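# Tertiary structure, described
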Amino acid sequence: MSRRKAPTPSADAAAQPIQTISPAAPAKGVGSARAVMFQPRQLIAAETDEQAIEAWLLQCSSAATSANYRKDADRFLMWIKARGRDLRTLVVEDLAAYSSFLSRLDKLAPADAEQWISSRRWPKTDIRWRPFQGPLSKASQRQALVAIGALLRWLEKTGYVDRSPAALMKIAKVRKRKVDRYLPWEAVGHLLNAADQMPEDNAEQHRYKIRTRFLVCLFSLTGARLSDLPLATMASIHRNPDGLWWWSVTGKGDKDEEVPVPRDLLTEFRKYRASMGLSELPSASDDSPLVPSLRGGGPAAESTIYVALEKLFKQASTLARETDPDLGDRLEVASPHWLRHTALTRQADMKMDLRWIQANARHEDINTTMGYLHQDDRDRHRETDRVMKLDAK
């Protein structure tokens, strides 16, 4: 038996805008249930892109992950708005254009650079704030695209966007390479000298000076991340039953980890607390901030710490140029995160067991830790240079 053909819509019906055509009433019974089941429904209450991003960030597993994703999402949202787009109207070409934009931040026209880049990090409430502080590394470019892809795929699942162009976007892998954003160990001495030369004409300047010196010691002797500090308390530096001093850190993924406190850092910690009129060592219940704000009762913000150290790097650069111009130039372009790389490179240069460096760095993958084995490269180069000569001697 031949099947009966479905009726063809009239020309008038076809000409109507889709949204004005009322759906046919579902038949009673199973058909009615199926019609309701397949109706599209948004699963989040967001009405704006900003609200949709906030809903996505609530799914992050840790405060550090949320902060990193927020930075990438905010940058992307600013960029698409500048193009007259929103998250619901994106196409593959938009993502390709954003990838190109990230790769050429150092080639922007002066007017565009003024809009997107600042030479230093400012609080977002400051009119001088810009989303970027300079060109991004290839790894940072890739991470930004990974974050945007994750955002769009999640929004597609919630029904906030109909189709995610991220599914069609290819993100190039970045080959792991040796960490090169580190300083020779003698640079730490220049930073401490610069801190010691800071003015202290009043009580606030004195506290600022002492806090800055302690920050240099904390970063360079532990390999701390900037994100480790907001949650750190005075009691997080503690002595265990073996009499050894450790720093309890809540790091990436909200993982609680222990970092050894070297003897020199403990000495600086005692001085730091004494300068604030506190006992040299904290009690086990001291939950006051390890790095307090100088103008409030809470912890110093990450941006505040970043700016304080950034200023110190500039001062240390001037001091270093008197005896080592190359080191002065390197300090000029360094950022606070370089102190983490400097600390881990120092441990590798001094031939510490790679397992202990991995534990101190809190790396999940030991291949990441191997990026700090610069001394092996130096030894390999020296031996190659010694052996490979044109004469036969």
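On a predicted model such as this, the values are computed, not experimentally measured, just so you know. (Residues numbered from 1 in each chain as written. Predicted model: local features only at pLDDT ≥ 70, side-chain atom pairs only at ≥ 80, totals over all residues. Heavy atoms only, no water.)

### Focus: the confidence of the model for the protein
Operational definition: How sure the predictor is of each residue is captured by pLDDT, a score from 0 to 100. Where helices and strands are cited, they refer to DSSP runs of H or I of at least four residues and of E of at least two residues respectively, numbered from the N terminus. Any two residues whose heavy atoms approach within 4.5 Å are treated as being in contact.
For the protein, the average pLDDT comes to 84, and 87% of its residues sit at 70 or higher. Mean pLDDT in the protein bottoms out at helix 1 (residues 11-15), which sits at 39, and peaks at helix 8 (residues 186-196), which reaches 96. Every residue in residues 1-38 is under pLDDT 50, and counting partners more than four places away or in other chains gives six contacts.

### Let's talk about the sheet that holds strand 2 (residues 245-250)
Quick note on the threshold: Strand pairing is defined by DSSP finding a minimum of two bridges between the two strands. Note on geometry: axes are C-alpha line fits, over the in-contact stretch for helices, and angles between N-to-C directions span 0 to 180 degrees.
With antiparallel pairing, three strands are arranged side by side in an open sheet as 1-2-3. Either end of the sheet is taken by a strand with one partner, and the two such strands are strand 1 (237-239) and strand 3 (256-260). Shown here is a sheet whose adjacent strand axes are inclined to one another by a mean of 40 degrees, direction ignored. Alignment of strand 2 against strand 3, held across five bridges, turns out to be antiparallel. Within strand 3, the residue paired with Trp246 across the bridge is Pro260.

### Here's the deal with the layout of surface pockets
Which parts of space are left empty comes out when a probe the size of a water molecule is rolled across the atoms. So the rule is basically this: Cavity: a set of points on a 1 Å grid over the protein atoms alone where a 1.4 Å probe fits but cannot get out. Pocket: an open set with protein on both sides within 12 Å along at least five of seven lines, its lining residues, like those of a cavity, having an atom within 4 Å of a point. Grid points are joined across faces, edges and corners, and a volume is the space filled by probe spheres set on the points. Note on residue categories: nonpolar means Ala, Val, Leu, Ile, Met, Phe, Trp, Tyr, Cys or Pro, charged means Asp, Glu, Lys or Arg, and polar means any other residue, Gly included.
Quantified by volume, the second largest pocket comes out at close to 430 Å³. Tyr208, Arg211, Arg295, Thr304 and Lys311 are the residues nearest the centre of the second largest pocket, which is lined by 20 residues in total. Taken together, the elements giving at least two residues each to the lining of the second largest pocket come down to helix 9 (203-222) and helix 11 (302-321). Classifying every residue of the lining of the second largest pocket gives nine nonpolar, three polar and eight charged.

### Let's talk about the pattern of salt bridges
Selection rule: The rule for a salt bridge is simple: a side-chain nitrogen of Lys or Arg has to be within 4 Å of a carboxyl oxygen of Asp or Glu. Only protein chains enter the accessibility calculation, which uses a 1.4 Å probe; a residue is then buried when its area is under 20% of its type maximum, exposed when over 50%, and partly exposed in between.
Using the criterion set out here, one finds 21 salt bridges in the structure. Of the charged contacts in the structure, one is a salt bridge between Arg355 and Asp353, with a shortest N-O distance of 2.9 Å. With a relative accessible area of 28%, Asp353 lands in the partly exposed category. Through salt bridges with shared partners, a single network forms among Lys314, Arg321, Asp329 and Glu332.

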